[in-house]
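Okay, here's what each chain looks like letter by letter:
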Amino acid sequence: MRSYLGRFAPSPTGLLHQGSLVAALACALDALVHQGRWLLRIEDIDKPREQPGAATRIIQTLRALGFEWHGEIVYQSQHQARYQAALERLSPMLYPCICSRKQIAERQPRRTADGENIYPGTCATGITTRTAEMLKNPAWRLRLPERVISFTDRWAGLLQENLARECGDIVLKRADGLWAYHLAVVVDDIDAGVTHIVRGADLLHSTPRQLFLYECLKATAPIYMHVPLVTHETGQKLSKQNLAPAVKLDQGLSELQQAASHLGLRLQTDSLTQFWRAAPLAWEQRLRRLPS
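Residues numbered from 1 in each chain as written. Predicted model: local features only at pLDDT ≥ 70, side-chain atom pairs only at ≥ 80, totals over all residues. Heavy atoms only, no water.

Draft legend 1. Region of interest: the overall build of the chain. For the chain, the helix and strand inventory stands at 10 helices and 10 strands. Relative to a compact globule of 292 residues, whose C-alpha radius of gyration would be 19 Å, the chain shows 20 Å and is just as compact. In the chain, buried positions account for 48% of the 292 residues. As displayed, the chain offers around 14900 Å² of accessible surface, 49% of which is attributable to carbon and sulfur atoms. (Helix = DSSP H or I, 4+ residues; strand = E, 2+ residues; numbered from the N terminus. Rg over C-alpha atoms; globule rule 2.2 N^0.38 Å. Buried < 20%, exposed > 50% of the residue type's maximum accessible area, 1.4 Å probe, protein only. Areas by Shrake-Rupley, 256 points an atom, 1.4 Å probe, with all protein chains shown as cover.)

Written out as structure tokens, the structure is:
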């Protein structure tokens, strides 16, 4: 059995909010109870959406709340060559795509379980030479087979998805030259040797696509756990896009206790030191209450 290696990978498109804190707490505690290592990776490859200073603020917030990670902080922006190498390895399964989001939505109203329009395969059989010349930088899509991918999530249980029907061919490199999430996250987790991924349930349905990428890159996939999302009163996911408030450092203990409560942990502590002493045992007890 591989030694446990987990990671937390926030994006600096905004500051750390309660939803992100829940994910950070869950994966940090899971590493602690498994006597494993825990890495911090800043996913800073979407420069147009990055908020200036957000990466520094996220790191400062985690430190102030008592999080401790192993080794140096990793930045995705430093891994461009690795992503390009992976793209070249996958080239026999790729094709150029010149479809806009609007065109895809018009041609295919069906959506994936996580809300994306399923790509209708418009460019899968090729694009004309004239059209290709008009567009110097197409997106690059990975062909997904007519095949069911199954995995057992440690929190949500069994999930099965037909890649072609329920996901559709996915973009690995965007037309603007930016790397897509699926490729970057899989390459980085492979390179780091990550064995366990604990993250929010909004990424649950991304997992079959990523498992297929692991297979294509001939790498061992990690074990997954997707914890419940923090939502607004309306049921909408708490996120940077809908202006979720940042974690308040002057209320650090309260913020941590709130995150722990959302995960179903029963904790009553008076300081950060007490919290981090008690929380691993509470997490271990919570794991025992999950469906087997």
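Draft legend 2. Quick look at the packing of aromatic side chains. Counted under the stated rule, the structure contains seven aromatic pairs. Judged by centre distance (5.6 Å) and plane angle (85°), the rings of Phe275 and Trp276 are edge-to-face. With a relative accessible area of 0%, Phe275 lands in the buried category. With a relative accessible area of 17%, Trp276 lands in the buried category. (Phe/Tyr/Trp six-rings, centres within 6.5 Å; stacked < 30°, edge-to-face > 60°.)

Draft legend 3. Summary view of the packing of helix H9 (residues 252-262) against helix H10 (residues 272-288). Here H9 crosses H10 at 20°, and the two axes come no closer than 10 Å. Between H9 and H10, the angle falls in the class roughly parallel. In this structure, the crossing between H9 and H10 has a hand that is left-handed. Side by side, H9 and H10 meet where Gly252, Leu253, Leu256, Gln257 and Ala260 of the first sit next to Leu272, Phe275 and Trp276 of the second. Its residues assigned to classes, the contact of H9 with H10 shows six nonpolar, two polar and no charged. (Axes fitted to C-alpha atoms, helices over the stretch in contact; angles between N-to-C directions. Parallel < 35°, antiparallel > 145°, perpendicular 65-115°, else oblique. Left-handed = near helix turned anticlockwise from the far one by under 90°. Contact = heavy atoms within 4.5 Å. Nonpolar A, V, L, I, M, F, W, Y, C, P; charged D, E, K, R; others polar.)

Draft legend 4. Region of interest: the pattern of salt bridges. What the rule picks out here adds up to 14 salt bridges. One salt bridge connects Lys47 with Asp44, and the closest N-O pair in it is separated by 3.6 Å. One salt bridge connects Asp191 with Arg82, and the closest N-O pair in it is separated by 3.5 Å. Taken together, the positions of Asp191 in helix H7 (residues 181-192) and Arg82 in helix H3 (residues 80-89) put the pair 109 residues apart, joining distant regions of the chain. Judged by relative accessible area, Asp191 falls into the partly exposed class, the value being 42%. Taking the relative accessible area as the measure of exposure, Arg82 reaches 41% and is therefore partly exposed. (Salt bridge = Lys/Arg side-chain N within 4 Å of Asp/Glu carboxyl O.)

Draft legend 5. Quick peek at the packing of H7 against helix H8 (residues 207-216). Between H7 and H8, whose axes approach to 10 Å, the crossing angle comes to 55°. Between H7 and H8, the angle is such that the two are oblique. For the element pair H7 and H8, the recorded crossing hand is right-handed. Facing H7, whose interface residues are Tyr181, His182, Leu183, Val185, Val186, Asp189 and Ile190, H8 presents Arg209, Gln210, Leu213 and Tyr214.

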